[in-house]
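Structural characterization, general
These are the residues of each chain, in order.
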Amino acid sequence: MATRREDQQAAREARLDELHGKLTAAVDQLVSGEDWKRALAFAANFRSRSFNNTLLIWAQHAAAYERGLVPESTPSYVAGYKQWQGLGRQVQKGQPGYQIIAPVTGRFASATPQDADSWRRLGKFEKPRPGEAVRSKMVGVRPAYVWDASQTAGDDIPEPPRPKLLEGEAPTGLWEGLASQVKAAGFDLVDVVAASEIYGANGVTDYAAHTVTVRGDMDAAARVKTLAHELGHVLMHGPENQDARQHRGISEVEAESVALMICAAHGIDTSGYTIPYVSGWAGQVEGSEPAEVVKSTGERVRTVALKILDQLDTTQVGNGTPPGLERDTPARETTRQAVAADRATPVGREPVLAEARSL
Ligand SMILES: [Zn+2]
């Protein structure tokens with residue numbers, strides 16, 4: 001016969017599974033929406049650039065920022081003059097282009113492709129002779145100029161929904177309980193004043209230095225959610241878990257899903273942050289639909305969330321429907337305190353924009 005504790009454990013597992021199923025469905029719904037598709041289609045206009053060109057763009061953008069010409073210190077979407085025109089935007093007067101190195105390619109034709117010496121370069125409008133194979137090859141480089149989106153004006157730039165920071169109080173004892181698990185795993189907890197000290201992130205886990213950092217300039221609810229997220233990284237993604245480190249996108253999906261479960265068990269609805277965040281990172285994993293990525297992490301996420309919850313001596317929401325992701329559930333006291341704030345975060349933009357950037 002199952003003991004009461006076993007029954008409770010089974011009930012909790014079932015609740016977490018249900019919660020994870022709802023997260024998966026919410027991600028699926030978000031990424032199939034029009035806004036999301038428009039944003040992805042827009043991002044697809046930007047090609048990835050070489051490492052050297054990325055450095056050139058960042059350095060020149062930083063210089064433009066110093067001069068007060070652009071509002072953000074880091075570039076967003078970057079494209080050439082005509083490409084911006086094609087997207088319905090115009091480079092504004094007085095904005096300097098960033099010089100990069102563009103490849104120059106030539107077309108070559110050969111009737112006997114196996115013979116390396118037989119290839120001849122075609123003139124600009126020259127057509128190959130019948131039966132000839134044609135290849136493009138880089139023959140040199142030339143300087144080219146690109147502009148950041150903030151240096152242009154015109155049609156709006158479609159952006160996907162951004163994660164919204166939680167507002168309000170944290171449940172009693174939750175910060176302390178999570179902090180002691182971080183310490184028990186051998187990590188020191190570091191407080192920093194602002195996101196700018198950790199490259200715009202809300203939190204950072206450093207496996208080499210064995211530190212977890214959470215920014216101080218957020219409400220307690222957002223800080224405790226971030227701490228749960230970082231504890232997820234600590235327990236799941238260290239160097240000893242090599243198989244779990246296959247893709248940053250998967251790690252972020254897992255850590256944030258753990259945070260959602262920990263918070264839901266304490267009556268905090270994190271969906272305003274978690275759904276866009278998880279969707280953005282799941283969308284970075286190539287070869288799978290975002291909802292599939294989320295779904296595939298379910299087992300690991302539940303195991304880690306249960307492990308964390310078991311070691312907490314906080315008051316947890318015992319029965320009933322988990323508050324996270326339930327749009328039409330009446331708000332509980334703690335849920336209402338932790339409503340999502342309409343504040344964009346740099347780290348929130350990162351999943352979708354940074355990787356899709358033309359850098
Ligand atoms: Zn993370």
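Up top is the structure these notes are about.
Just so we're clear, the structure is a prediction, and the values are computed from it rather than from any experiment. (Residues numbered from 1 in each chain as written. Predicted model: local features only at pLDDT ≥ 70, side-chain atom pairs only at ≥ 80, totals over all residues. Heavy atoms only, no water.)

For the structure shown, the criterion picks out seven aromatic pairs. A ring pair is formed by Phe-42 and Phe-46, whose centres lie 5.3 Å apart and whose planes are at 50 degrees; its orientation type is tilted. On the basis of an interplanar angle of 75 degrees and a centroid distance of 5.1 Å, the ring pair of Phe-42 and Tyr-77 is categorised as edge-to-face. Pair noted here: Phe-42 is in helix H2 (residues 34–43) and Tyr-77 is in the loop between helix H3 (51–66) and strand S1 (78–79), with a separation of 35 residues, a long-range link. No difference in accessibility class separates Phe-42 from Tyr-77, as the two residues are buried. Following the ring pairs from residue to residue traces out a cluster consisting of Phe-42, Phe-46, Tyr-77 and Trp-84. Lys-137 extends its terminal NZ or CZ atom over the ring of Phe-108, reaching a point 5.5 Å from the ring centre. Geometry around Trp-175 places Arg-223 over its ring, the cationic atom sitting 4.4 Å from the centre. (Phe/Tyr/Trp six-rings, centres within 6.5 Å; stacked < 30°, edge-to-face > 60°. Helix = DSSP H or I, 4+ residues; strand = E, 2+ residues; numbered from the N terminus. Buried < 20%, exposed > 50% of the residue type's maximum accessible area, 1.4 Å probe, protein only. Lys NZ or Arg CZ within 6 Å of the ring centre and 35° of its normal.)

With that settled, the discussion passes to the coordination of the zinc ion. Donor atoms from the polypeptide that coordinate the zinc ion comprise His-229 (NE2), His-233 (NE2), Glu-252 (OE) and Glu-252 (OE), at 2.1 to 2.7 Å from the metal. One can describe the donor arrangement at the zinc ion as irregular, given that its four donor atoms subtend angles of 52 to 144 degrees at the metal. Read N to C, the donor residues that coordinate the zinc ion are spaced as H-x3-H-x18-E. Pair noted here: His-229 and His-233 are both in helix H6 (residues 220–236), with a separation of four residues, about one helical turn. With respect to burial, His-229 and His-233 carry one shared label: buried. (Donors = N, O, S within 2.8 Å, 3.2 Å for Na, K, Ca; no water. Tetrahedral: all angles 85-135°; square planar, octahedral: opposite > 155°, others 65-115°.)

On to the packing of helix H1 (residues 4–31) against helix H10 (residues 298–310), then. Between H1 and H10, the shortest axis-to-axis distance is 10 Å and the interhelical angle comes to 135 degrees. When the interaxial angle is binned, H1 and H10 end up oblique. Both H1 and H10 take part in a crossing whose hand is right-handed. On H10, the residues that touch Arg-5, Gln-9, Arg-12, Glu-13, Leu-16, Asp-17 and His-20 of H1 are Gly-298, Val-301, Arg-302, Ala-305, Leu-306, Leu-309 and Asp-310. (Axes fitted to C-alpha atoms, helices over the stretch in contact; angles between N-to-C directions. Parallel < 35°, antiparallel > 145°, perpendicular 65-115°, else oblique. Left-handed = near helix turned anticlockwise from the far one by under 90°. Contact = heavy atoms within 4.5 Å.)

Once that is clear, we can look at the nonpolar core. By size, the foremost hydrophobic cluster in this structure holds 54 residues, and its most contacted members are Leu-178, Leu-227, Ile-262 and Ile-308. Counting only elements with at least two residues in this core, the list comes to H1, helix H5 (174–184), strand S9 (211–215), H6, helix H7 (248–264), helix H8 (271–282), helix H9 (290–296) and H10. Sequence-distant contacts of Leu-227, defined by excluding residues within four places in its chain, comprise Trp-175, Leu-178, Ala-179, Val-182, Leu-189, Val-212 and Val-214. Core analysis: the second largest hydrophobic core is formed by 10 residues, Phe-42, Ala-79, Leu-87 and Val-91 among them. (Core = buried A, V, L, I, M, F, W, Y, C linked by side-chain atoms within 4.5 Å.)

Attention shifts here to unusual backbone geometry. Of note, the phi angle at His-210 is positive, near 55 degrees, even though the residue is not glycine. The residue His-210 is located in the loop between strand S8 (203–206) and S9 in this model. The partly exposed category is assigned to His-210, whose relative accessible area is 34%.

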